[in-house]
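Each chain, letter by letter, is given below.
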Amino acid sequence: MCGIVGAIAERNITAILVEGLKRLEYRGYDSAGVAVFTNDGDLDRRRRVGKVAGLDQALAEQPLAGRLGIAHTRWATHGAPSEHNAHPHFSGDQLAVVHNGIIENYEALREQLKGLGYVFTSDTDTEVIVHLLHHKLKTDTDLADALKSAVAELHGAYGLAVISASQPDRLLAARSGSPLVIGLGLGENFLASDQLALRQVTDRFIYLEEGDIAEIRRDSVQIWDQQGCAVQREQVQYHEGAEAADKGEYRHFMLKEIHEQPKVVQRTLEGRLGTDHVLVNAFGPRAAELFAKVRNVQIVACGTSYHAGMVARYWLEDLAGIPCQIEVASEFRYRKVVVQPDTLFVTISQSGETADTLAALRNAKELGYLTSLAICNVGTSSLVRESDLTLLTQAGPEIGVASTKAFTTQLVGLMLLTLSLGQVRGTLDAGVEAHLVEELRRLPTRLGEALAMDKTVEKVAELFAEKHHTLFLGRGAQYPVAMEGSLKLKEISYIHAEAYPAGELKHGPLALVDSDMPVVTVAPNNELVEKLKSNLQEVRARGGELIVFADREAGIDNGVGTHVVAMPHIDDSLAPILYTIPLQLLSYYVAVLKGTDVDQPRNLAKSVTVE
Ligand code: F6R
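These lines cover the structure that appears in this document, whether it is placed above or below. (Residues numbered from 1 in each chain as written. Predicted model: local features only at pLDDT ≥ 70, side-chain atom pairs only at ≥ 80, totals over all residues. Heavy atoms only, no water.)

### Quick notes on the overall build of the chain
Reasoning step 1: Within the chain, the secondary structure is distributed over 18 helices and 25 strands.
Reasoning step 2: Here the chain has a C-alpha radius of gyration of 25 Å; the compact-globule value for 611 residues is 25 Å, and the two agree.
Reasoning step 3: With respect to the principal axes defined by its C-alpha atoms, the chain has extents near 75 × 55 × 45 Å.
Reasoning step 4: When burial is assessed residue by residue, the chain has 61% of its 611 residues classed as buried.
Reasoning step 5: Of the contacts formed within the chain by residues at least 6 apart in sequence, a portion of 72% connects residues at least 24 apart.
Reasoning step 6: Element-wise, carbon and sulfur atoms account for 47% of the exposed surface of the chain, whose accessible area totals about 22,600 Å².
Reasoning step 7: Placing the 59 positive and 79 negative side-chain charges of the chain at their respective mean positions leaves the two points 1 Å apart. (Helix = DSSP H or I, 4+ residues; strand = E, 2+ residues; numbered from the N terminus. Rg over C-alpha atoms; globule rule 2.2 N^0.38 Å. Buried < 20%, exposed > 50% of the residue type's maximum accessible area, 1.4 Å probe, protein only. Contact = heavy atoms within 4.5 Å. Areas by Shrake-Rupley, 256 points an atom, 1.4 Å probe, with all protein chains shown as cover. Lys, Arg positive; Asp, Glu negative; His and termini not counted. Charge placed at Lys NZ, Arg CZ, Asp CG, Glu CD.)

See below:
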C-alpha cells in the first residue's frame, strides 16, 4: 500500500531513497516525502502531494544531503492527501517516523499526548507514533528501548522506520502486520517495505517477522523478537533479474504484463507436471498425505484473486468432485464460520500481504481446518510463511496496479490443485487428468495465439470510448471471467461495469440494456453455448450492442450490432484462462483511449495491507 525506504551509509543516501520510492510508487501514490539527517547535523525533510516525480523536483530545487534518512510514498487512510499529512512526521526537530498500516487506538493516544503538551500538525494516525516515541525518550534514552516501549502501546498494524538527530548512528524499524525487509550492503544498510525498492543497492535481505524490532547501523544489524529477545534472522539472497521494474518496449507495465502471460504460465507449470499427471509434491512434501484426507475446500481471497477462486470452485466440484466454498476475505474474517470436517483452507493472493486475507488465515488457524494452503506470487510474503502448504505462482513482480499475469498464473495453480486433489482422492479419472496435463502443456501456445489478437481488440475498444456503462456476461466458469473483465474495465478506465451470469439477465438487469450499453460476452464452445445464444438474442432485441469473444466453432456470427472476435479453440476446462486475455486487452485499450493513468489508476493501491 504505502511504501517505506530507509538507508544508513557513508555516502549521500537521498538519491537511493528517492529511487527506492519510485520503485514502490505503484503501491501508493498520493504524496511522498523524505527526511534526512543532513551533513549540517539537522533533521530536514521535503514532502510533496502527488507522485514521486514531484518530490524529485522539490529536491532538485532544494537539495538534501546526508548519510541517514527515511522516505515514504503514501496512500491516504487517515487524513486527505496533503503536504501536512505526508510522511515523514516529526516530533520537534529531533525525531522522524514513516509508517505503513493503521493505528487503531490513535484517537485515545492523540488525546493523551495533547494532554502532555504535544501539538499535532497532521490528521494522520502516524503522528501519534512519533510524539509517543518522543515522550518515551524522556525516560528511556536509548532509541531502541524507547521504540520497544512505544510500540507496546500501539494497537493495529504497522511497519515503522525511525531516525533521530540525537542518535544518528542508527536507523530503527518495527514490524507488526505490515512487512519490512532489511537490505544488507558493504558498510551500509537499508530498509524497505518491499525488497523491490532496494534491488538497485543489494541482493541480500533479511525479512523481519511479526513483532520484530531492528536496530540497523552502517556495519551491523540487531533484531529483537516480540518477547524482546535478541534473535538472528536468516539472510536471503535474491536472484531474479531486476528487469521486472522496467517497461521495456511497452508503453505501460500493464501491457507488458499481459504479454508476459505465456512465459509466466510456462514457468508456473515448470517442474510440476509428470508425463500424464500432476506432481502433487509441488504443494509441499506433506501434500499427498494431507490432500488424501480432504473432504471439502474453503477458498478465501480478495478482488482479482477472489475471482480466480470462483473459477476454481467450478473446477473442484466438476473435475475433482469436492464440495467447495469461496468467500471474500473481508467478509469471512468477521463472521462466525461453521467448519465442515476435513476442510482444506486455501488462500489466494498475488502479494501475500493483503490484510484481510492474512487475517482470515490467522482466524482459520483457530477454527479447526485440516490444513492451510497459500497460492501466492511472493515466496517471502507473510501469507506463505504462515501457511502449512504453498504453491508459488511464478508471475514475477507485477507492477501494474490492475492484476493480469497474477490472475492467470493463479488459475494455473488452482487447476494443478484440482488435478492433485482428484488424483490423490481417486475422484478424477486418470485419462481425464492425462488429457488436461497435455492441454496445460499447450496452454502457453494458446495464450500466445490469443495475444496475437491484440490489434483486433484495440479496434473493438473504440466502441467504448464514449460509453459510461457496460455489462459483462458469462455462464458457468466463464461467469467469474466476466466478473474479472468488468473489474479490470472499471479499475483502469473508470467506466461503470457490472458482471452477471447470462441467465440472470432477464431477472432485472435487462432493464438497463439500450444502444448506449455495450454488452461484453465470452462464449467458448461448450454445452452452455446454445443457452448463451438465447441470452444474447434478449440483448439484441432491446437494441443492445454485443461484443462477443467466441470460439470459432460456436456458431455466433457478426451482424448488425453484434461484433464477434473469433477465439482459438481450447479444452473447455482451460477456457477461463484463455478468455481472460481479450478482456484484459479490451480494458487496457479502452483506458488508453480515455487517457487514464493505466498503471496507477486513481484511488487504488497495489498491495492492500490495511483493512
Ligand atoms: C485488481 C487487483 C485487486 C487485488 C486484491 C487482492 O486488479 O489487483 O483486486 O486482486 O487487492 O490482492 P492480492 O492478490 O495481493 O491479495
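Having seen it, we continue.
### Some points on the environment of Leu172
Reasoning step 1: Summarising the element assignment, Leu172 is placed in strand E8 (residues 171–176).
Reasoning step 2: Given a relative accessible area of 0%, Leu172 falls into the buried group.
Reasoning step 3: Sequence-wise, Leu172 and Tyr106 are 66 residues apart; in three dimensions their C-alpha atoms are separated by 21 Å.
Reasoning step 4: Beyond its immediate stretch of four places on either side in the chain, Leu172 contacts Leu143, Ala144, Leu147, Leu160, Ala161, Val162, Ile213, Ala214 and Glu215.

### So, the sheet that holds strand E20 (residues 389–392)
Reasoning step 1: Pairing in this open sheet of five strands is parallel, and the strands run E17-E16-E18-E19-E20 from one edge to the other. The strands lining the two open edges of the sheet, one partner per strand, are strand E17 (324–328) and E20. The sheet shows a mean angle of 20° between the axes of neighbouring strands, taken without regard to direction.
Reasoning step 2: Two elements, strand E19 (residues 371–376) and E20, share four bridges in a ladder whose sense is parallel. Bridged to Ala374 within E20 is Thr390.
Reasoning step 3: Seen against the sheet, helix H11 (residues 355–365) touches strand E16 (296–301), strand E18 (343–349) and E19 and runs at an angle of roughly 165° to E18.
Reasoning step 4: Against the sheet, helix H13 (residues 405–425) touches E16, E18, E19 and E20, its axis set at about 165° to E18. (Pairing = 2+ DSSP bridges. Axes fitted to C-alpha atoms, helices over the stretch in contact; angles between N-to-C directions.)

### Here's the deal with the sheet that holds E8
Reasoning step 1: Strand order in the open sheet formed by seven strands is E5-E6-E7-E8-E12-E13-E14, with antiparallel pairing between adjacent strands. A single partner strand is all that each edge strand has here, and the edge strands are strand E5 (89–91) and strand E14 (230–231).
Reasoning step 2: In the packing of helix H4 (residues 126–136) onto the sheet, contacts are made with E5, strand E6 (95–103) and strand E7 (156–164), and the angle to E6 comes to roughly 135°.

### Quick word on the packing of aromatic side chains
Reasoning step 1: Under the counting rule described, the total for this entry stands at four aromatic pairs.
Reasoning step 2: With a centroid separation of 5.0 Å and an interplanar angle of 75°, the aromatic rings of Tyr588 and Tyr589 are classed as edge-to-face. Each member of the pair, Tyr588 together with Tyr589, is buried.
Reasoning step 3: Looking at Arg45, its charged tip hangs above the ring of Phe90, at a distance of 4.2 Å from the centre.
Reasoning step 4: The ring centre of Trp224 lies 3.8 Å from the NZ or CZ of Lys148, which sits over that ring. (Phe/Tyr/Trp six-rings, centres within 6.5 Å; stacked < 30°, edge-to-face > 60°. Lys NZ or Arg CZ within 6 Å of the ring centre and 35° of its normal.)

### As for a negative patch on the surface
Reasoning step 1: A cluster of acidic residues, Glu317, Asp318, Glu527 and Asp572, forms a negative patch at the surface.
Reasoning step 2: Along the chain, the position of Asp572 falls in the loop between strand E25 (562–567) and helix H18 (575–594). (Patch = residues over 30% accessible without salt bridge, like charges linked within 9 Å, V, L, I, M, F, W, Y side chains within 5 Å. Salt bridge = Lys/Arg side-chain N within 4 Å of Asp/Glu carboxyl O.)

### Focus on the pattern of salt bridges
Reasoning step 1: Under the criterion given, the structure shown has 34 salt bridges.
Reasoning step 2: Here Arg23 ties to Glu19 by a salt bridge, and the two come within 2.8 Å at their closest N and O atoms. You can see Arg23 and its partner Glu19 sitting in helix H1 (residues 14–24), four residues apart, about one turn around the helix.
Reasoning step 3: Owing to a relative accessible area of 29%, Glu19 belongs among the partly exposed residues under this scheme.
Reasoning step 4: Across the pair Glu260 and Lys256 runs a salt bridge whose closest N-O atoms are separated by 3.4 Å.

### Quick look at the site of the ligand
Reasoning step 1: Lining the immediate surroundings of the ligand are 15 residues, of which Ser305, Ser349, Gln350, Ser351 and Thr354 lie closest.
Reasoning step 2: Interatomic distance of 3.1 Å between a backbone N/O atom of Thr304 and an oxygen atom of the ligand.
Reasoning step 3: Separating an oxygen atom of the ligand from a side-chain N or O atom of Lys488 is a distance of 3.0 Å.
Reasoning step 4: Looking at the shell around the ligand, the elements that each hand over two or more residues are helix H9 (303–318) and helix H16 (478–493).
Reasoning step 5: When the residues that make up the shell around the ligand are grouped by side-chain class, the tally is five nonpolar, eight polar and two charged. (Near = heavy atom within 4 Å. Polar contact = N/O pair within 3.5 Å; in protein donor to acceptor, adjacent residues only side chain to side chain. Nonpolar A, V, L, I, M, F, W, Y, C, P; charged D, E, K, R; others polar.)

### Considerations on the pairing of strand E13 (residues 221–224)
Reasoning step 1: Here strand E12 (residues 213–216) runs beside E13; their pairing, made up of four bridges, is antiparallel. In the sheet register, Ala214 faces E13, and the bridge partner there is Ile223.
Reasoning step 2: Between E12 and E13, which pair antiparallel one after the other, the connecting turn spans four residues.
Reasoning step 3: Here E13 runs beside E14; their pairing, made up of two bridges, is antiparallel. Its bridge partner lying in E14, Ile223 is registered against Val231.
Reasoning step 4: With antiparallel pairing between neighbouring strands as the criterion, E13 and E14 make up a hairpin whose turn holds five residues, including Gly228 at a positive phi of roughly 85°.

### Side note on empty space enclosed by the protein
Reasoning step 1: One pass over the full model with this rule turns up five cavities of 30 Å³ or more.
Reasoning step 2: Roughly 100 Å³ of volume is contained in the largest cavity.
Reasoning step 3: Around the largest cavity, the lining is made up of 14 residues, and of these Cys2, Trp75, Thr77, His87 and Gly101 lie nearest the centre.
Reasoning step 4: Grouping the amino acids of the lining of the largest cavity by side-chain chemistry returns four nonpolar, eight polar and two charged. (1 Å grid on protein atoms, 1.4 Å probe; cavity = no way out; pocket = protein on both sides within 12 Å on 5 of 7 lines; lining within 4 Å. Points joined across faces, edges and corners; volume = space filled by probe spheres on them.)

### Details of the pairing of strand E10 (residues 189–192)
Reasoning step 1: Residues Asn189 and Leu191 line one face of E10 and the alternating positions Phe190 and Ala192 line the opposite face, and both faces are buried.
Reasoning step 2: With four bridges connecting them, strand E1 (residues 3–8) and E10 associate as antiparallel partners. The residue of E10 that forms the bridge with Ala7 is Phe190.
Reasoning step 3: Summarising the sheet, strand E9 (residues 181–184) and E10 pair through four bridges and their orientation is antiparallel. Paired with Gly183 across the strands is Phe190, a residue of E10.

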